[in-house]
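Report on the structure
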Amino acid sequence: MKASAFAYARATSVANALELLTVHGERAKVLSGGQSLLPAMNLRLIAPELIIDIGDLAELRGVVVKGGVLTIGALTRHVDLLKSPEIAAHASLLTDAVAHIAHPAIRNRGTIGGSLAHADPASELPACMLTLGATIIVHGPGRERRIAASEFFAGIYETALRPQELLVAVELPVSPKNSTYFFHEFARRHGDYAIVGLAAQAVVNDGRFADLRLGFFAVGDRPLLAGSAGKLVNVTITSAVFSEACSALDEELDPLEDQQATPAMRRHLAKVLLARCVSSLLDRPDLHAGASA
Amino acid sequence: MTTAVAISLSVNGERVEANVLPRLNLADFLREHLKLTGTHVGCEHGVCGACTVRVNGDIVRSCLLLAVQAHNATVETIEGVSDSGEIADLQSAFRERNALQCGFCTPGMLMAAQDLLKQSSCPDREQIREHLSGNYCRCTGYQAVIDAIETTARARAERLS
């Protein structure tokens, strides 16, 4: 189908975009890469009265590293993240994760800000933001808000972003030098929406986790930073410890039913991912045993 | 305010000026306004890949780009890369290997394949599959398509060596 009619404004600056949002608020939608917004409009799931195109705002594009912080502009495309030496050096989890987002033609347009503001619970970047402890920077009428990723995602396509606000950037702490990561998702076909996925980052000392952050996606109405990771930190992981962590994870999950999977299947796959993650990060093939998808 | 917007862009090397409604996507602009019907419209929500074109050198879904967003852009369609001879070898490999039946997906397949071959001189079959994972074919299956791309990659690599 085709999108219904709407008015169009090409924002000339962040200030101009904010003026338009202040006037039109909920009647308007911000267009960045359009790879989620335009399908939703073509399917007539949404019909905004005004599209505010921020595509020309070059100041919202790019990756900067300064003082232990990576700042990624909202209009930075997935392909830019994939090819960025700064991201590869300081947030290598993201480089790996981005390769799983859709297909090349989509990654050439889709942006990090668009993905986060859209907040699809099955998408990769929101979960990565939780794992990496991101801060989401939002400009609104007269002020800036800095929102922790853990406070930002509020439900299916719901975030803490207000109708008058514009997501301008995200900040990530540079990943610790000794950190490792794990990323995997189950999907019917490469680039499809994940059935269940896990973006993890860890610090391993002498075969034990000194730190472990587990960002699951497609396991509920929003990405989940699993508290059950705590059960695996600063302990020697035996099968008893691991199964306790699995039970704790099960308690935290609230998977949805859709055409791809039942909640029970998602619970199973989340545990399979946890086993693969822990076994891979600790180089413990024994923990992987029995974890078949 | 749902009035037409003036746009100016380059399409296959020619300057195009037009007034378009904001809701018009680039695929429909190319097909309906410019009569460049090689770009096909399949799913209209970014899944099938039949509408793949190049914008500023990058392949994109023209159903997920508004014509107004292509203002000041350089657009290349299957007609452009076909007429210039850029993909003549790829087209002939598709023909020889029967990598198409109805041909609906073929323009998008060719645009995606050429994009891969420009980035990677000798991709393996897995890389080819991955790069084409966003392009649906509903008749041939994909083996012949991958064969044709692999053959073209090897032939181009040999020509360079």
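Residues numbered from 1 in each chain as written. Chains lettered and ligands numbered in written order. Predicted model: local features only at pLDDT ≥ 70, side-chain atom pairs only at ≥ 80, totals over all residues.

1. Things to note about the overall build of chain A
Quick note on the threshold: A run of H or I in DSSP becomes a helix once it reaches four residues, and a run of E becomes a strand once it reaches two; helices and strands are each numbered from the N terminus. When we talk radius of gyration, it's over C-alpha atoms, and the globule rule is simply 2.2 Å times the number of residues to the 0.38. Burial is judged by counting other C-beta atoms within 10 Å of a residue's own C-beta: 20 or more means buried, 12 or fewer means exposed, and anything between counts as partly exposed, with every C-beta placed from the backbone. The contact rule is simple: place each C-beta atom from the backbone, and if two of them lie within 7 Å, those residues are in contact.
A tally of helices and strands in chain A yields 12 helices and 14 strands. In terms of overall size, chain A behaves like a compact globule, its C-alpha atoms giving a radius of gyration of 19 Å where 293 residues would be expected to give roughly 19 Å. Its C-alpha atoms put chain A at 60 × 45 × 30 Å along the principal axes. When each of the 293 residues of chain A is scored for burial, the buried share is 49%. Of all intrachain contacts in chain A linking residues separated by at least 6 positions in sequence, the fraction that spans at least 24 positions is 60%.

2. Examining the sheet that holds strand β5 (residues 74-76) of chain B
All names here are of chain B. Just so we agree on the cut-off: Strands pair, by our definition, only if DSSP identifies at least two bridges between them. Axes here refer to lines fitted to C-alpha atoms; in helices the fit is confined to the stretch in contact. Angles between the N-to-C directions go from 0 to 180 degrees.
Pairing in this open sheet of 5 strands is mixed, and the strands run β2-β1-β5-β3-β4 from one edge to the other. Two strands lie at the open edges of the sheet, namely β2 (14-20) and β4 (58-61), each paired on one side alone. With direction set aside, neighbouring strand axes in the sheet form an average angle of 40°. Contacts from helix α4 (residues 106-119) reach β3 (52-55) and β4, with the element oriented near 45° to β3.

3. Thoughts on the domain arrangement of chain B
Residues and elements named next belong to chain B. Put simply, the test is: Boundary definitions for the domains trace back to an automatic or database domain assignment. Think of it as three bins: nonpolar holds Ala, Val, Leu, Ile, Met, Phe, Trp, Tyr, Cys and Pro, charged holds Asp, Glu, Lys and Arg, and polar takes everything else, Gly as well.
Each assigned domain of chain B is listed with its residue range as follows: domain 1 (5-78) and domain 2 (87-160). The straight-line distance from the C-alpha centre of domain 1 to that of domain 2 is 22 Å. Across the boundary between the two partners, domain 1 contributes 12 residues, which contact 11 residues of domain 2. A total of 3 residues in the side of domain 1 that touches domain 2 trace back to one element, the largest contributor, which is β3. Here the residues of the side of domain 1 that touches domain 2 are counted per class, giving 6 nonpolar, 5 polar and 1 charged.

4. Some remarks on helix α8 (residues 124-131) of chain A
All names here are of chain A. When you tally the buried positions in α8, you get 8 out of 8 residues, the bulk of the element. Inspection of α8 places E124, L125, P126, A127, C128, M129, L130 and T131 among the buried residues, and these make up the whole buried set. Looking one or two places after α8, you find G133, whose phi comes out positive at around 65°.

5. Quick word on the interface of chain B and chain A
Across the contact, 24 residues belong to chain B and 27 residues belong to chain A. Among the elements of the structure, β4, α4 and α5 (125-131) of chain B are those that each provide at least two residues to the side of chain B that touches chain A. Ranked by the residues each element gives to the side of chain B that touches chain A, the list is headed by β4 of chain B, at 4 residues. When grouped by side-chain class, the residues that make up the side of chain B that touches chain A number 9 nonpolar, 9 polar and 6 charged.

6. Examining unusual backbone geometry
Of note in this structure, D206 of chain A is not a glycine but carries a positive phi near 45°. Looking at where D206 of chain A falls in the secondary structure, it is placed in the loop between β12 (196-205) and β13 (208-217). In this structure, N98 of chain B is a non-glycine residue whose phi angle is positive, near 55°. Secondary-structure assignment places N98 of chain B in the loop between α3 (88-96) and α4. Since 12 C-beta atoms lie within 10 Å of it, N98 of chain B is described here as exposed.

7. Some details on the nonpolar core
All names here are of chain A. Which entries qualify depends on this criterion: Note on definitions: a nonpolar core is a set of buried residues drawn from Ala, Val, Leu, Ile, Met, Phe, Trp, Tyr and Cys, linked by C-beta atoms within 7 Å.
With 144 residues, the main nonpolar core has I52, V170 and V278 as its most contacted residues. Of the residues forming this core, the biggest block, 8 residues, is contributed by helix α11 (residues 263-281). Apart from the residues within four sequence positions on either side, V170 is in contact with I72, I112, L116, M129, A134, T135, I136 and I137.

8. Thoughts on the pairing of β3 of chain B
Residue and element names in this part refer to chain B. Neither face of β3 is left uncovered, since the one carrying T52 and R54 and the one carrying V53 and V55 both have all their residues buried. Pairing analysis gives 4 bridges linking β3 to β4, with the strands arranged antiparallel. Residue R54 lies in a different strand from β4, and its bridge partner there is I59. Hairpin geometry of β3 and β4 is characterised by an intervening segment of 2 residues between the two adjacent antiparallel strands and by a positive phi of about 50° at N56. Pairing geometry for β3 and β5, over 2 bridges, is antiparallel. When the sheet's bridge partners are listed, V55 is paired in β5 with V75.

9. Notes on the environment of I7 of chain B
All names here are of chain B. Note on placement: I7 falls in strand β1 (residues 5-11). Sequence-wise, I7 and E150 are 143 residues apart; in three dimensions their C-alpha atoms are separated by 39 Å. Here I7 is in contact with A18, V20, A67, V68, A70 and H71, once residues within four sequence places are set aside.

10. Focus: the sheet that holds strand β2 (residues 28-31) of chain A
In a beta sheet, neighbouring strands pair by backbone hydrogen bonds and run either parallel or antiparallel. Residues and elements named next belong to chain A. Across the sheet, 3 strands lie side by side as β1-β3-β2; this open sheet has parallel pairing. Each of the sheet's edge strands pairs with one partner strand only, and the pair in question is β1 (7-10) and β2. For this sheet the average axis-to-axis angle between neighbouring strands, irrespective of direction, equals 25°. Helix α1 (residues 14-24) contacts β1, β2 and β3 (50-53) of the sheet and is inclined by roughly 165° relative to β3.

11. Regarding the packing of α3 of chain B against helix α6 (residues 143-160) of chain B
How two helices pack is summed up by the angle between their axes together with the distance between the axes. Residue and element names in this part refer to chain B. Note the threshold: Should an angle fall under 35 degrees it is taken as roughly parallel, and over 145 as roughly antiparallel, whereas 65 to 115 is taken as roughly perpendicular and any remaining angle as oblique. Two helices that cross are described as forming a left-handed crossing if the nearer one is turned anticlockwise from the farther one by less than a right angle, and a right-handed crossing if clockwise.
α6 packs onto α3 with a crossing angle of 140° between their chain directions and a minimal axis gap of 9 Å. With respect to their mutual orientation, α3 and α6 come out oblique. Helix-helix and strand crossings are classified by hand; for α3 and α6 the assignment is right-handed. Counted together, D89, L90, A93 and F94 of α3 and A148, T151, T152 and A155 of α6 form the full contact between these two elements. By residue class, the composition of the contact of α3 with α6 is 5 nonpolar, 2 polar and 1 charged.

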